Amino acid sequence: MHPYTERMREGMTKDPDRELYVLHVGDDVPAFVRKEYLTGALIENAVEPILGQLPQGYHPELVISNFWDGGLLGDHLCRHFADALHVWIPHEPVGMKKAPLSHEEQEQHSIFIRERYEERILERCHLVGSTSKLVREDLQQAHGGDWTDKLIDIYPGVDTERFSPMERDSVTGRQARSHAEFVGLPAELFKRPHICEFGRSDALKDKDKAVEAFSLVAKQEDHINMFLNLDESMEPEVARRIHDVIERERLHDRVHIFSPRDLPQSGVGSNILPNIMRTARAFLTMSVMEGFGMAACEAAACGVPVVGTEHIPVVTDVIAPGGGGAVVPGKDVHAAAEAVLRYTRMDADAWHTVAQNAHDSVIPGYTWKQIVAQMFAQIEDKRERLHEAA
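Since the model is a prediction, treat every value here as computed from it, not as a measurement.

Asker: Just to check I follow, could you spell out the state of the cysteines for this structure?
Answerer: The bond known as a disulfide is covalent and runs between the sulfur atoms of two cysteines. For the structure on display, the rule yields zero disulfides. Unpaired in terms of disulfides, Cys196 finds its nearest cysteine sulfur in Cys302, a separation of 8.3 Å. Among the residues examined, Cys196 registers a relative accessible area of 0% and is labelled buried.

Dropping the structure here:
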């Protein structure tokens, strides 16, 4: 079950315009399985059911896998499809995941299972899609060796139909009423000045640090609110820390938390998240571990100044150098608050210049059309070299 849509997806769907099948592997347990709980055996046991769902005579030319679990599944599938080219996209290799964690936390995140399988995937796949220089460096540091011949650049793409600039400074009255009705908050709230933090809820995103930074902003700017998303059932400790900050700083009417159900990805209510993002005075992310930083990229695409840590490649390498945001040290809530205050206090012309810079730093370079075209060009180039070497 997907934790955001809460819908089960089983069987296979096919893109009507391309020879592309998407598998949704179901079992008799109606629950979302967290990556931390996956094992090599569980993934291997899924191979035969997957093969059983494929059309008779189906032989893919290309297998693209994501993260260590998808990489392991792709490796198993490629044993059955010997002619298929396997491209593995690790996103956040084990070294990056491991670095900010204590030994106990590494156990909780199944780091040692990942270490065991990632090197195997790395050695057996044909190509590795890197989402940033941090990924490239980590692969070499964690597993040794020179993987240059296998590496290609594959970045996430922005859905520009959802994430694009808004000409107005706030949503319309009708939009505000629609959002309010969906989430049960006052309509006026959606028209007030705000900053936001959106992204996955896991502990390494340091959402509590973002709220702590906002508490410093709130002491100096009494008209600014904060919106963020949080899956409190999946991350109760993160939720506890955030509520502690809200309670201590008396921010109950200033910090507004959305659950996964409040922010659907499609259908009714799906425009709430992008509308909040595109009308924000700044987007803040305190994440200490990112392979790229998709949420920050989407915020920039909305034409919003971005404040992010030095652990977020799209901020350090793309948005900030383009004049669309600021880089702050991880965990440093004072530096983050100062950066946010710079953007909330800017005059209109200066703010719009930064906002335009943020947008132009990622669009059109990080649109899906551009990213996919670059990916296949690199794959074809590498495929030719592999054939020549063989």
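Asker: What's the story with the environment of Leu151 in this structure? I'm lost.
Answerer: Looking at the secondary structure, you find Leu151 in strand 6 (residues 151-153). For Leu151, a relative accessible area of 12% gives the class buried. Expressed as a C-alpha distance, the spacing of Leu151 and Val87, which sit 64 residues apart in the sequence, is 9.5 Å. The residues touching Leu151, leaving out its near neighbours within four places in the chain, are Val128, Ser130, Arg136, Leu139 and Lys382.

Asker: Explain the packing of helix 3 (residues 67-80) against helix 6 (residues 111-124) to me, please; I cannot follow it from the model alone.
Answerer: Between helix 3 and helix 6, whose axes approach to 9 Å, the crossing angle comes to 45 degrees. The orientation of helix 3 relative to helix 6 falls into the category oblique. You can see that helix 3 and helix 6 cross each other, and the crossing is left-handed. Judged by residue contacts, Trp68, Gly71, Leu72, Asp75, His76 and Arg79 of helix 3 engage Ile113, Arg114, Tyr117, Glu118, Arg120, Ile121 and Arg124 from helix 6.

Asker: Would you take a moment to explain the packing of helix 9 (residues 207-220) against helix 10 (residues 236-249) for this structure?
Answerer: Pairs of packed helices are described in terms of their axes, by the angle between the two and the distance that separates them. Between helix 9 and helix 10, the shortest axis-to-axis distance is 8 Å and the interhelical angle comes to 10 degrees. With respect to each other, helix 9 and helix 10 are oriented roughly parallel. You can see that helix 9 and helix 10 cross each other, and the crossing is right-handed. Between helix 9 and helix 10, the residues in contact are Lys207, Asp208, Val211, Glu212, Ser215 and Lys219 and Val238, Arg241, Ile242, Val245, Ile246, Arg248 and Glu249, respectively.

Asker: Sorry, what's going on with the sheet that holds strand 9 (residues 255-258) here?
Answerer: Strand pairing in a sheet relies on backbone hydrogen bonds, with the paired strands running either antiparallel or parallel. Taking strand neighbours across the sheet as the criterion, the six strands line up as 9-8-7-10-11-12 in an open arrangement whose pairing is parallel. In the strand order of this sheet, the two ends are held by strand 9 and strand 12 (325-328), each with one partner. Along the sheet, successive strands turn relative to each other by an average axial angle of 20 degrees, direction set aside. Here strand 10 (residues 282-285) runs beside strand 11 (residues 306-309); their pairing, made up of three bridges, is parallel. Within the sheet, the bridge partner assigned to Phe283 lies in strand 11 and is Val306. Strands strand 7 (194-197), strand 8 (225-229), strand 9 and strand 10 of the sheet are contacted by helix 9, whose axis makes an angle of about 175 degrees with strand 8.

So, how was this worked out
In every chain, residue numbers begin from 1 and rise along the written sequence. Selection of residues for local features in this predicted model requires a pLDDT of at least 70, selection of side-chain atom pairs for listing and counting requires 80 or more, and totals for whole chains, interfaces and linings are taken over all residues. Excluding hydrogens and water, the side-chain values take into account all heavy atoms of the structure. Here, the term disulfide refers to a pair of cysteine sulfur atoms separated by no more than 2.5 Å. Buried means the residue's accessible area, taken with a 1.4 Å probe over protein chains only, is under 20% of the maximum for its type, while exposed means over 50%, and partly exposed covers the values in between. To qualify as a helix, a DSSP run of H or I must reach at least 4 residues; to qualify as a strand, a run of E must reach at least 2; elements of each kind are numbered from the N terminus. When checking whether two residues touch, look at their non-hydrogen atoms; a contact exists if any pair is within 4.5 Å. All axes here are fitted lines through C-alpha atoms, helices being fitted over the stretch that makes contact, and every angle between N-to-C directions spans 0 to 180 degrees. Each angle is binned into one of four classes, with values under 35 degrees roughly parallel, values over 145 roughly antiparallel, values of 65 to 115 roughly perpendicular, and all other values oblique. The sense of a crossing depends on the near helix, which, turned anticlockwise from the far helix by less than a right angle, makes the crossing left-handed and, turned clockwise, makes it right-handed. A pair of strands is treated as paired once DSSP finds two or more bridges between them.

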